[in-house]
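Survey of secondary and tertiary structure
The chain contents come next:
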Amino acid sequence: MKADSKQSQMILNGNLWKIMVKLTLPAIVAMGLHGLNVIFDAIFVGKFVGELALSGISVAYPLTQIALGFGSMVGAGAGAYLSILIGKNDRDTQNKILGNANYLGIILTAFLMITLFLTARPLLSFMGGEGRVLAIALSYFRVTIIGTLFWFFSLAYNMIIRAEGKMGKAAIIMGLGLVVNIMANYILMVIFHFGVVGAAWGTNLGMFASTLLSILYFRSGKTTFQSKVFAIQKDPAIINRIISLGMPQLIMVITTLILGIVIFNAIGAVGTDYDLAFYGVSFRIMTFMTMILNAFMRSLQPVVGMNFGAENYTRVIRATKIYIVGSLIVIVPFYLITVLNPQMVLGLMFEGPVTSENIFNFVIFMSIIPLFTIMMNGMSYFPAIGEAKIAGMLPLLRQVVLYIPAMIILTRLFGVQSVYISAFVIDVLVTVIMVILLGRSFARLRKMMKSIEPCE
C-alpha cells in the first residue's frame, strides 16, 4: 500500500531525473550552506586573526565533528526509517519517530558535553596540538562544547525534514542559520575582536538558529507525519532501528576523527605549523566539496527508502545509477575550478605563500572528489534498503585498515606529501570495492523483483 501524500507519490511514481533535480537542487543549497559554516570560520580566522590561530582551529576541527556525528547518526537513522515507513504507509510508527529521536538526542548530548569538557585538553594534545596552538585550539573547542545540543539537533532535525522529501524547506532553514553565523562572526571577530572564541560563538549561534527554525517547522502542522517536537518517547524497537540505520554515519565520523588524530600527529612529527595549517585548509575545502555531494546522498535516501518500502526494486536500482551520474555532472565543474586554479581557491583562506609542492599536494588531494560520487551515493543506498552493516564496514576499511597504517608509516618514510598521495590511492581502491558491492546488491534486488512479479 503506497503513501498518499503528493510528495510521496511523486517519489514513488515520477520521472527519476526530474525527481533528482527537484530534490537535489535545494539539498545542494542546504548542504553547501552547511559546508560554508565550516569554511567561514576558517575565512574569518585566517583573514582577521592569523596563521597560528588557523592552525589551532584546524587541530580542533575534527573534534567539533563529534556532536555532528551523533546528530547525523540519529538524523540519518530516523530519516532512513521514516522514508521506508512512508513507502509502507505505516503512519502509527511514523508518528513515534520524532519522540524517540528526541530521547536519544537528550541522552547523547548530555553524555557528550560532560565527556568532552573533561577530556578537551588531552584530546587536543593527542590531535597534535602543543604550545600556543594547543591554547588556541582549547579556547575554541570549549566554546563549541557549550553549543553541543544545538550542533546535534540542527543536523538531526534537518536530516529528518529531508527524509520527508522536503529539501527546499531544509535548505531555507540551513541558509538562515548560515546568515546568523556570518553576521555573528563579523560582529564578534571584526568589531569586538574576540578572535577564535568569537568564531566558535558565531557557529553556536548559527546552529541555535537552525535548531529553532526546525522546531517551528515541526510545530507548523505541515509535516507528513505527526510531529510532536517536544515529545520524548522511549520505544526500544524504534530506537534500535534508528541506531542501526544511522550507525554507518557515526562510524564514518568517528573513524574520520581517529584518522584526523593520526594525520595531524603524523604531519606534526615530520612537518611544521605551516604544514598543519595547509592541511587544515585543504581538508576544509574538501569538506565543502563533499557537502555538495552530500546533497545527492541525502536526497537519494528518501527516493530509495520509499521505493524499497513499496517494493519498487527496479526504481531503486535505476534511481541509484541516475544519482551517481547526476552527482558526477554537478561536481566536475567545482573539481575543475580547484585543480585548474588552486592558488585562487587556497587564497580564500590561506594568507601564507603556497609552494609548487603544496599546489601539487592540493591537486592530488582534490582529485579524490569525482570518486566520491560512487562512494557517497553507495553509503546512502545501503542504509535506505535496510543493509546498514555494509555501509558501516566501508568507513572502517577506508579509515582504519588502510588510511591509518599508511599515514603512520609513509609519512615517516616519505614526508608530508605522502599524506595526499596515499589518500588518492586508497580512495581509488575503496571506490572499486563499492562498485562491486553495489553490483551484487542490484543483482539481489532483481531476483526479488522477479519473485514478486507473478503475484501482481
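Residues numbered from 1 in each chain as written. Predicted model: local features only at pLDDT ≥ 70, side-chain atom pairs only at ≥ 80, totals over all residues. Heavy atoms only, no water.

As for the side chain of Q399
Looking at where Q399 falls in the secondary structure, it is placed in helix 16 (residues 388–414). For Q399, a relative accessible area of 2% gives the class buried. Every residue in contact with Q399, bar those within four places of it in the chain, is listed here: M252, T255, T256, L259 and I404. (Helix = DSSP H or I, 4+ residues; strand = E, 2+ residues; numbered from the N terminus. Buried < 20%, exposed > 50% of the residue type's maximum accessible area, 1.4 Å probe, protein only. Contact = heavy atoms within 4.5 Å.)

Digging into the confidence of the model for the protein chain
Low-confidence regions, as indicated by low pLDDT, have predicted coordinates that should not be scrutinised in detail. Of all residues in the protein chain, 95% attain a pLDDT of 70 or more, and the chain-wide mean is 85. Confidence scores differ between elements of the protein chain, with helix 2 (residues 16–48) showing the lowest mean pLDDT of 75 and helix 5 (residues 97–126) the highest of 94. (pLDDT = per-residue confidence, 0-100.)

What to know about empty space enclosed by the protein
In the structure shown here, the tally under the stated rule is five cavities of 30 Å³ or more. Here the largest cavity is characterised by a volume of approximately 970 Å³. Surrounding the largest cavity, 46 residues form its lining, M252, T256, F283, T287 and T290 being those nearest its centre. Within the residue set of the lining of the largest cavity, elements represented by two or more residues are helix 2, helix 3 (51–88), helix 7 (148–163), helix 10 (236–270), helix 11 (273–309), helix 15 (369–384), helix 16 and helix 17 (417–452). (1 Å grid on protein atoms, 1.4 Å probe; cavity = no way out; pocket = protein on both sides within 12 Å on 5 of 7 lines; lining within 4 Å. Points joined across faces, edges and corners; volume = space filled by probe spheres on them.)

Some thoughts on a positive patch on the surface
A surface patch of positive charge is lined by K321, R446, K447 and K450. Looking at the positive patch element by element, the count peaks at three residues for helix 17. Along the chain, the position of R446 falls in helix 17. When its relative accessible area of 40% is taken as the criterion, R446 is described as partly exposed. (Patch = residues over 30% accessible without salt bridge, like charges linked within 9 Å, V, L, I, M, F, W, Y side chains within 5 Å. Areas by Shrake-Rupley, 256 points an atom, 1.4 Å probe, with all protein chains shown as cover. Salt bridge = Lys/Arg side-chain N within 4 Å of Asp/Glu carboxyl O. Lys, Arg positive; Asp, Glu negative; His and termini not counted. Charge placed at Lys NZ, Arg CZ, Asp CG, Glu CD.)

Quick look at the packing of aromatic side chains
Across all of its chains, the model carries 16 aromatic pairs by this definition. Measuring from ring centre to ring centre gives 5.0 Å for F150 and F208, while their planes differ by 80 degrees; the resulting arrangement is edge-to-face. Taken as a pair, F150 in helix 7 and F208 in helix 9 (residues 195–218) lie far apart in primary sequence, 58 residues in all. Among the residues examined, F150 registers a relative accessible area of 26% and is labelled partly exposed. What makes F208 partly exposed here is its relative accessible area of 39%. Here the aromatic residues Y61, F278, Y279, F283, F365 and Y420 are joined through ring pairs into a cluster of three or more. (Phe/Tyr/Trp six-rings, centres within 6.5 Å; stacked < 30°, edge-to-face > 60°.)

Points about the nonpolar core
Across soluble globular proteins, nonpolar side chains show a tendency to be buried alongside one another. Grouped together as the largest cluster of nonpolar side chains are 140 residues, with contacts concentrated most on L124, F218 and Y381. In terms of residue count, the dominant contributor to this core is helix 11 (18 residues). Filtering out sequence-adjacent residues up to four positions away, Y381 remains in contact with V304, V316, T320, L438, S441, F442 and L445. Counting seven residues, the second largest nonpolar core, distinct from the first, contains A67, L68, A76 and L155. (Core = buried A, V, L, I, M, F, W, Y, C linked by side-chain atoms within 4.5 Å.)

Comments concerning the packing of helix 3 against helix 7
A packed helix pair is summarised by two numbers, namely the angle formed by the two axes and the spacing between the axes. Two elements in contact, helix 3 and helix 7, have axes whose closest approach is 7 Å; the angle formed by their N-to-C orientations is 25 degrees. In terms of orientation, helix 3 and helix 7 fall into the roughly parallel class. Here helix 3 and helix 7 pass one another in a crossing that is right-handed. Considering only residue class, the contact of helix 3 with helix 7 consists of 15 nonpolar, eight polar and no charged. (Axes fitted to C-alpha atoms, helices over the stretch in contact; angles between N-to-C directions. Parallel < 35°, antiparallel > 145°, perpendicular 65-115°, else oblique. Left-handed = near helix turned anticlockwise from the far one by under 90°. Nonpolar A, V, L, I, M, F, W, Y, C, P; charged D, E, K, R; others polar.)

A few points about a nonpolar patch on the surface
Among the surface-exposed residues, V179, M183, Y186, I187, I191, F192 and F194 lie close enough to one another that they form a single nonpolar patch of about 690 Å² accessible area. Within the fold, F194 resides in the loop between helix 8 (167–191) and helix 9. Residue classification places F194 among the partly exposed positions, given a relative accessible area of 45%.

A few points about the environment of E51
Its location among the elements puts E51 in helix 3. Using a relative accessible area of 36% as the deciding quantity, one classes E51 as partly exposed. Along the sequence, E51 and Y274 sit 223 residues apart, while their C-alpha atoms lie 7.8 Å from each other.

Concerning the pattern of salt bridges
For the coordinates displayed, the defined rule picks out three salt bridges. Across the pair R444 and E387 runs a salt bridge, and its minimum N-O distance is 3.3 Å. Here R444, found in helix 17, pairs with E387, found in the loop between helix 15 and helix 16; they are 57 residues apart in sequence, far enough to count as distant. Judged by its relative accessible area of 26%, E387 falls in the partly exposed class. For D427, the salt bridge is made with R398, and the minimal N-O distance between the two is 2.4 Å. Taken together, the residues D427 in helix 17 and R398 in helix 16 connect sequence positions 29 residues apart. Accessibility expressed as a relative area gives 0% for D427, which makes it buried. You can call R398 buried: its relative accessible area is 16%.

Quick word on helix 6 (residues 131–146)
Working note: α-helix, 3.6 residues per turn, so residues spaced by three or four point in the same direction. A rise of 1.5 Å per residue sets the reference length of helix 6, with its 16 residues, at 22 Å; its end C-alpha atoms lie 24 Å apart and thus fit the reference within 8%. Where helix 6 is concerned, the buried positions are V133, L134, I136, A137, L138, Y140, F141, V143, T144 and I145. (Expected span 1.5 Å × (residues − 1).)

What to know about the side chain of T24
Considering the arrangement of structural elements, one finds T24 in helix 2. On the accessibility criterion, T24 (2% relative accessible area) is buried. At 2.6 Å, the side chain of T24 forms a polar contact with the backbone oxygen of M20. A polar contact is formed between the side chain of T24 and the side chain of S299, at a distance of 2.8 Å. The contacts of T24, once residues within four sequence positions are left out, are I19, A295, F296, S299 and Y323. (Polar contact = N/O pair within 3.5 Å; in protein donor to acceptor, adjacent residues only side chain to side chain.)

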